[in-house]
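# Architecture and fold: a report
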Amino acid sequence: MALSMTPNFTHHYHSLFPSFKSLNNRKTVVARSSNGNVPSSNGTVLLKDKPTIPGKSEADVVVIGSGIGGLCCGGLLARYEQDVLVLESHDQPGGAAHSFEIKGYKFDSGPSLFSGFQSRGPQANPLAQVLDALGESIPCVNYDSWMVYVPEGEFLSRIGPTEFYKDLETYAGPNAVQEWKKLLDAILPLSSAAMALPPLSIRGDLGVISTAAARYAPSLLKSFAQMGPQGAFGATKLLRPFSEIVDSLELKDPFIRNWVDLLAFLLAGVKSNGILSAEMIYMFAEWYKPDCSLEYPLHGSGAVVDALVRGLQKFGGRLSLRSHVEKIVVENNRAIGVELKNGQFIRAKKAVISNASMWDTLNLLPREVLPNSYVDRINTTPQCESFMHLHLGFDAEGIQKDLGIHHIVVNDWDRGVDADQNVVLISVPSVLSSDLAPPGKHVLHAYTPGTEPFEIWKGLDRRSDEYKRLKGERSEVMWKAVERALGPGFSRDKCELKLVGTPLTHQRFLRRNRGTYGPAIEAGKNTFPGHSTPISQLYCCGDSTFPGIGVPAVAASGAIVANSLVSVSQHSQLLDAIGI
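All of these numbers come straight from a predicted model, not from anything done at the bench.

### Observations concerning the overall build of the protein chain
Across its full length, the protein chain carries 16 helices and 20 strands. A total of 580 residues make up the protein chain; the buried ones form 61% of that total. Relative to all contacts within the protein chain whose residues are 6 or more apart in sequence, the contacts with residues 24 or more apart total 75%. Accessible surface for the protein chain amounts to roughly 21800 Å². Of this, 51% is attributable to carbon and sulfur atoms.

### Focus: the environment of Lys314
Counting through the fold element by element, Lys314 comes out in helix H10 (residues 302–314). The partly exposed category is assigned to Lys314, whose relative accessible area is 44%. Taking the C-alpha atoms as reference points, Lys314 and Glu136, 178 residues apart in sequence, are found 9.9 Å from one another. Discounting residues that sit within four places of it in the chain, Lys314 has contacts with Leu134, Gly135 and Glu136.

### Examining the packing of helix H1 (residues 68–79) against helix H15 (residues 551–564)
Packing of H1 against H15 leaves a shortest axis separation of 7 Å and a crossing angle of 35°. For H1 against H15, the interelement crossing comes out right-handed. Contact with H1, carried on its side by Ile68, Gly69, Cys72, Cys73, Leu76 and Leu77, involves Val551, Val554, Ala555, Gly558, Ala559, Val561 and Ala562 of H15 and no other residues of that element. Its residues assigned to classes, the contact of H1 with H15 shows eleven nonpolar, two polar and no charged.

### Considering the pattern of salt bridges
The full count for this structure, using the stated rule, is 25 salt bridges. Where Asp576 meets Arg215, a salt bridge forms, and the shortest distance between an N and an O atom there is 2.5 Å. Here Asp576, found in helix H16 (residues 568–577), pairs with Arg215, found in helix H6 (residues 208–234); they are 361 residues apart in sequence, far enough to count as distant. With a relative accessible area of 51%, Asp576 lands in the exposed category.

### Some remarks on the packing of aromatic side chains
Considering all chains together, one arrives at 17 aromatic pairs under this definition. With a centroid separation of 5.8 Å and 15° between ring planes, the pair formed by Phe255 and Trp259 is classed as stacked. Pair noted here: Phe255 and Trp259 are both in helix H8 (residues 254–268), with a separation of four residues, about one helical turn. Across this residue pair, the class does not change: Phe255 and Trp259 are buried. Judged by centre distance (6.2 Å) and plane angle (45°), the rings of Phe387 and Tyr447 are tilted. Here Phe387, found in strand S15 (residues 386–395), pairs with Tyr447, found in strand S18 (residues 441–452); they are 60 residues apart in sequence, far enough to count as distant. Assigned by exposure class, Phe387 and Tyr447 land together as buried. By way of ring pairs, the aromatic residues Trp146, Phe155, Phe164, Tyr171, Trp180, Phe242, Phe255, Trp259, Phe284, Trp287 and Trp413 are connected into one cluster.

### Overview of helix H9 (residues 277–287)
Summarising burial for H9: eleven of the eleven residues are buried, a large majority. Looking at H9, one finds that the buried residues are Ser277, Ala278, Glu279, Met280, Ile281, Tyr282, Met283, Phe284, Ala285, Glu286 and Trp287.

What counts and what doesn't
Note that residues are indexed from 1 along each chain, following the sequence as it is written. Per-residue local features are limited, in this predicted model, to residues with pLDDT of at least 70; the limit for side-chain atom pairs, both in listing and counting, is 80 or more; totals at the level of whole chains, interfaces and linings are taken over all residues. Here the side-chain values reflect all heavy atoms present in the structure, with hydrogen atoms and water set aside. Only DSSP runs of H or I with at least four residues qualify as helices, and only runs of E with at least two residues qualify as strands; both kinds are numbered from the N terminus onward. Exposure classes here rest on a 1.4 Å probe applied to the protein chains alone. A residue is buried below 20% of its type maximum, exposed above 50%, and partly exposed in between. Contacts are assigned to residue pairs with any non-hydrogen atoms lying within 4.5 Å of each other. Computed by Shrake-Rupley with a 1.4 Å probe, the accessible areas treat only the displayed protein chains as cover when residues are assessed. Throughout, an axis means a line fitted to C-alpha atoms (over the contacting stretch in the case of helices), and angles, computed between N-to-C directions, take values from 0 to 180 degrees. The crossing is said to be left-handed when, going from far helix to near helix, the turn is anticlockwise and less than a right angle, and right-handed when the turn is clockwise. Under the grouping applied here, Gly and all other residues not named as nonpolar or charged are polar, the nonpolar ones being Ala, Val, Leu, Ile, Met, Phe, Trp, Tyr, Cys and Pro and the charged ones Asp, Glu, Lys and Arg. Whenever Lys or Arg places a side-chain nitrogen within 4 Å of a carboxyl oxygen from Asp or Glu, that contact is recorded as a salt bridge. Stacked, tilted and edge-to-face pairs are distinguished by plane angle, under 30 degrees for stacked and over 60 for edge-to-face with tilted covering the rest, among Phe, Tyr and Trp rings (Trp via its six-membered ring) whose centres lie within 6.5 Å.

That's the geometry; what it means functionally is another story.
Right, dumping it as structure tokens:
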């Protein structure tokens with residue numbers, strides 16, 4: 001899904017209306033000195049079991065969490081010449097996107113299906129824009145299909161403007177072909193409007209009028225003019241649920257309706273009645289335009305994190321691992337720093353930025369400083385459920401040579417794509433990046449995408465027989481999906497490495513409340529809380545903020561916060577430098 005899969009459109013049209021409090025935009029040039037940390041092989045900071053922050057225990061900006069949102073925010077702020085310290089509780093950076101290695105097998109923990117890394121310009125993936133700003137790039141392997149196993153049969157789903165029609169003809173019939181064409185004809189003309197405003201141009205104050213509205217008004221108006229009266233009228237639906245467009249076109253073919261729900265769910269964790277039309281239209285433009293392709297980063301998703309860490313450190317930013325933030329320190333309604341689990345205080349001279357979820361951020365704050373309305377809003381925000389994970393390392397002998405990297409299994413359309421134990425996603429990245437596994441081996445990651453109920457796991461002792469029994473029962477749906485995808489040449493007995501992750505694993509290693517994927521906020525019914533908080537100098541980025549869950553979305557959220565903490569002049573100079 002969005003965390004783990006797809007290009008996720010950022011809902012940046014809302015950002016034309018500032019959500020930040022007034023910010024001090026003075027330019028600060030910080031003289032930097034060595035912090036004494038020991039860099040690891042990938043350039044991150046390794047600390048002892050009981051860490052302290054060497055050197056000065058302060059920074060202009062302290063970022064809590066090194067997820068993609070936190071690293072994008074910290075990297076851009078460092079490029080803006082702010083003194084930045086990113087604090088990470090885990091021993092690996094990357095949050096839900098981190099990678100890990102066991103016995104020569106290098107696993108992705110989350111993201112596996114990407115596109116837009118190599119794009120440039122105003123319509124590029126926001127993560128690609130951040131990497132461009134940091135002077136970093138990611139070598140990728142291009143491909144154009146993924147295997148789908150649905151109740152109607154199994155087929156190789158190819159992206160592009162024409163190939164999918166052949167699959168529809170075979171598995172759904174001519175009526176589905178006609179409805180799919182009708183849908184593309186209606187929404188693709190809207191894509192230029194959906195992509196006309198680069199997320200990196202957004203900031204949270206009135207400076208957005210200069211960096212976004214005025215800068216990109218001509219291209220936005222041009223896109224509306226090219227659509228004509230009917231298209232321009234349709235553009236008003238961009239911020240409404242995508243199901244409204246589907247309904248207005250009177251699309252009734254069951255396969256088309258189910259397929260659209262599946263795409264929406266993979267994109268944002270909700271079905272078509274809960275996702276913004278702008279998100280879906282962006283994805284359609286990325287996947288169903290001529291000469292489009294998917295990309296997998298060589299050396300795995302960890303290469304994305306490594307590139308962001310290099311960019312952060314290149315501009316003098318610091319990353320401290322095993323640095324568990326216990327609480328955010330507030331004085332006179334102003335966030336002045338953080339306290340680590342070992343008692344060390346880290347002062348933040350300008351801002352504290354939390355890349356933790358909204359629920360976990362709430363737990364870091366003194367209850368008495370927060371308005372009841374803010375606490376109630378967070379506590380009543382619905383959550384996506386959690387994950388089951390299956391990480392395997394196995395011998396490639398007997399496995400088909402043309403095995404694809406991605407496989408999606410849907411067991412029952414009638415239960416809904418968001419039902420637990422119903423959809424399984426499988427990634428075998430070693431077919432494209434052989435260095436992820438020992439010679440002659442494969443590495444595989446299967447998971448149930450944000451549909452595993454936390455309540456059935458709550459309170460279990462991870463060392464108990466009950467926990468182990470439940471792991472075996474709840475992982476069986478993934479084993480069966482893997483056996484279906486890999487065919488008779490695969491055997492569980494061939495696996496040299498078997499790891500099963502549960503919602504408690506998510507909660508423990510990612511510090512995720514209930515192990516959740518993120519907020520389950522439906523378009524048209526509610527909005528994301530945004531980046532500001534009731535506490536002065538405390539901001540949030542990541543999946544719990546506008547623009548929401550998904551890799552490009554959290555990258556955009558980190559960029560928006562970083563932009564908002566510097567002057568309009570600095571922000572504009574950055575946009576000029578990366579050509580948007």
